[in-house]
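Commentary on secondary and tertiary structure
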Amino acid sequence: MQEINLPKFDYTDTLANVLEKEAQAILDLRDMLDNSVEDAIQLILSCEGKVVVTGIGKSGIIGRKIQATFSSTGTPSCYLHPSEGLHGDLGMVTSDDVVLAISNSGESDEVLRLLPSIETIGAKLIAITKNVFSTLAMKADVALCLGEFEEACPLGLAPTTSTTVTLALGDAIAIALLEARKFRPEDFALYHPNGSLGRKLLLKVDDIIFHTRKNPIVREGDKVKDALFAMTDQGLGAASIVNENDQLIGVLTDGDIRRAFALSMDVMNENVENLISAPSIVIERGALAAEALQLMEEKEITVLPIVDPYNKPVGMLHLHDLMKLGI
């Protein structure tokens, strides 16, 4: 096959130009912020329902991202596709809601056709548009103007600067709402339970042992060989030692056993409680998995018994269990 040699171009200037135009448009918007943004934020904060975001085309795509950011930062919201709204999905809008409609021109037909129904329903309307004199802006309770700018597209056709500025404004509003609601990392984790932050702030040691079912136990008076069988059966390098009341009196590790062999070859028939070399380090059930990890790192241990309020072992954590979960 004949090799085709395509001319090589340096696109650095093009990339820099696009970034500069979009960045400048955001800075210009920052400098023209007025009371309308405050009014929009207050309208959303006083909303007893949800924020319904709508927009068509690229504005709709940006609207979906804004809606997702609202939801994950404490502002209940949903996305309404204008075309679907005209065919029944307007039923999701109630009089307690605020509709956030996005249209660069302010004249998008699909969005404008929603307005009579939104008005009849009684929902409040916030518009994000470049044209403050557009139909959408004039019909809105609050109109947020994006200002004058050029699209970064050299043809002036592809939505580029306009979508970037809209997204930045949506992010800014979301963060202002977050601060107004005193949204905490714990709240963020609640809405992101499968993320690393969610696992750190929500996952408890009980959740881990529920799945691992690891809890090797031997009793006071049992022999070391019994402890080894328990460790092997559970796949852990340690076992909890309990008294006649099932309360923890110590932990025996495979390291303890190896060190004991240096003193005697008859370790296997030794009572397990005779090999306890240090006070037990434990964590109570109900504690966060992140707390367990911190404790294990501080004490430089790889296994950690979990005890109930009566000091009875209910499970045992291994450092690998926590690492696998990304704690």
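Fair warning: this is a prediction, and the values are worked out from it, not measured in the lab. (Residues numbered from 1 in each chain as written. Predicted model: local features only at pLDDT ≥ 70, side-chain atom pairs only at ≥ 80, totals over all residues. Heavy atoms only, no water.)

1. As for the overall build of the chain
Within the chain, the regular secondary structure consists of 15 helices and 11 strands. Its C-alpha atoms give the chain a radius of gyration of 31 Å, clearly above 20 Å, the size a compact globule of 327 residues would have. With respect to the three principal axes, the spread of C-alpha positions in the chain is 90 × 65 × 40 Å. Counting across all 327 residues of the chain, residues that qualify as buried make up 40%. A separation of at least 24 residues holds for 64% of the contacts in the chain among residues at least 6 apart in sequence. Summed over its atoms, the accessible surface of the chain is roughly 18300 Å², and 53% of this surface lies on carbon and sulfur atoms. Side chains of the chain give 28 positive and 47 negative charges; the mean places of these two sets differ by 4 Å. (Helix = DSSP H or I, 4+ residues; strand = E, 2+ residues; numbered from the N terminus. Rg over C-alpha atoms; globule rule 2.2 N^0.38 Å. Buried < 20%, exposed > 50% of the residue type's maximum accessible area, 1.4 Å probe, protein only. Contact = heavy atoms within 4.5 Å. Areas by Shrake-Rupley, 256 points an atom, 1.4 Å probe, with all protein chains shown as cover. Lys, Arg positive; Asp, Glu negative; His and termini not counted. Charge placed at Lys NZ, Arg CZ, Asp CG, Glu CD.)

2. Some points on the UniProt feature "domain: CBS" (unreviewed entry) in the chain
What UniProt calls "domain: CBS" (unreviewed entry) maps, in this numbering, to residues 211-267 and 276-327. Across residues 211-267, the secondary structure splits into 37% helix and 25% strand, with the terminal C-alpha atoms separated by 33 Å. (UniProt positions renumbered as here; feature names shortened; annotations may be inferred.)

3. With respect to the pairing of strand S4 (residues 124-129)
Burial within S4 is extensive, with five of its six residues counted as buried. Here strand S3 (residues 98-102) runs beside S4; their pairing, made up of five bridges, is parallel. Bridge pairing in S4 links Val99 to Leu125. Sheet topology places S4 next to strand S5 (residues 142-145); four bridges connect them, and they run parallel. Counterpart to Ile128 in the pairing with S5 is Leu144. (Pairing = 2+ DSSP bridges.)

4. Things to note about the packing of aromatic side chains
Applying the stated criterion across every chain, the model contains zero aromatic pairs. One cation-aromatic arrangement involves Lys130 over Phe149; the distance from NZ or CZ to the ring centre is 4.5 Å. (Phe/Tyr/Trp six-rings, centres within 6.5 Å; stacked < 30°, edge-to-face > 60°. Lys NZ or Arg CZ within 6 Å of the ring centre and 35° of its normal.)

5. Some details on the packing of helix H2 (residues 35-45) against helix H8 (residues 161-180)
Two numbers describe how H2 lies on H8: the axes approach to 10 Å, and their chain directions differ by 55 degrees. Relative to H8, H2 is oriented oblique. Where H2 crosses over H8, the handedness of that crossing is right-handed. Note on element contacts: H8 touches H2 through Ile173, Ala176, Leu177 and Ala180, opposite Ile41, Ile44 and Leu45. Residues of the contact of H2 with H8, tallied by class, amount to seven nonpolar, no polar and no charged. (Axes fitted to C-alpha atoms, helices over the stretch in contact; angles between N-to-C directions. Parallel < 35°, antiparallel > 145°, perpendicular 65-115°, else oblique. Left-handed = near helix turned anticlockwise from the far one by under 90°. Nonpolar A, V, L, I, M, F, W, Y, C, P; charged D, E, K, R; others polar.)

6. Re the sheet that holds strand S6 (residues 217-219)
Each strand in a sheet pairs with its neighbour through backbone hydrogen bonds, running either in the same direction (parallel) or in the opposite one (antiparallel). The strand order across the open sheet formed by three strands is S6-S7-S8, and the pairing between neighbours is mixed. One side of each edge strand has no neighbouring strand; the edge strands of this open sheet are S6 and strand S8 (248-253). Mean inter-strand twist for the sheet, computed between neighbouring axes without regard to direction, equals 30 degrees. The pairing of strand S7 (residues 238-242) with S8 spans five bridges and is antiparallel. Bridge pairing links Ala239 to Leu252 in S8. Its contacts with the sheet place helix H12 (residues 224-234) against S6, S7 and S8, and it is angled at close to 165 degrees to S6.

7. Things to note about helix H13 (residues 254-261)
Of the residues making up H13, those classed as buried are Gly255, Asp256, Ile257 and Ala260. The inward-facing, buried residues of H13 contact H12 and S8.

8. Quick look at the side chain of Thr166
Mapping Thr166 onto the fold places it in helix H8. The buried category is assigned to Thr166, whose relative accessible area is 6%. There is a polar contact of 2.7 Å between the side chain of Thr166 and the backbone oxygen of Ser162. Beyond its immediate chain neighbours, meaning those up to four positions away, Thr166 contacts Ile62, Ile66, Ile102, Ile128 and Leu146. (Polar contact = N/O pair within 3.5 Å; in protein donor to acceptor, adjacent residues only side chain to side chain.)

9. Description of the UniProt feature "domain: SIS" (unreviewed entry) in the chain
When the UniProt feature table is mapped onto this chain numbering, "domain: SIS" (unreviewed entry) sits at residues 40-183. Regarding residues 40-183, the helix share stands at 42% and the strand share at 17%, and the terminal C-alpha atoms are separated by 19 Å.

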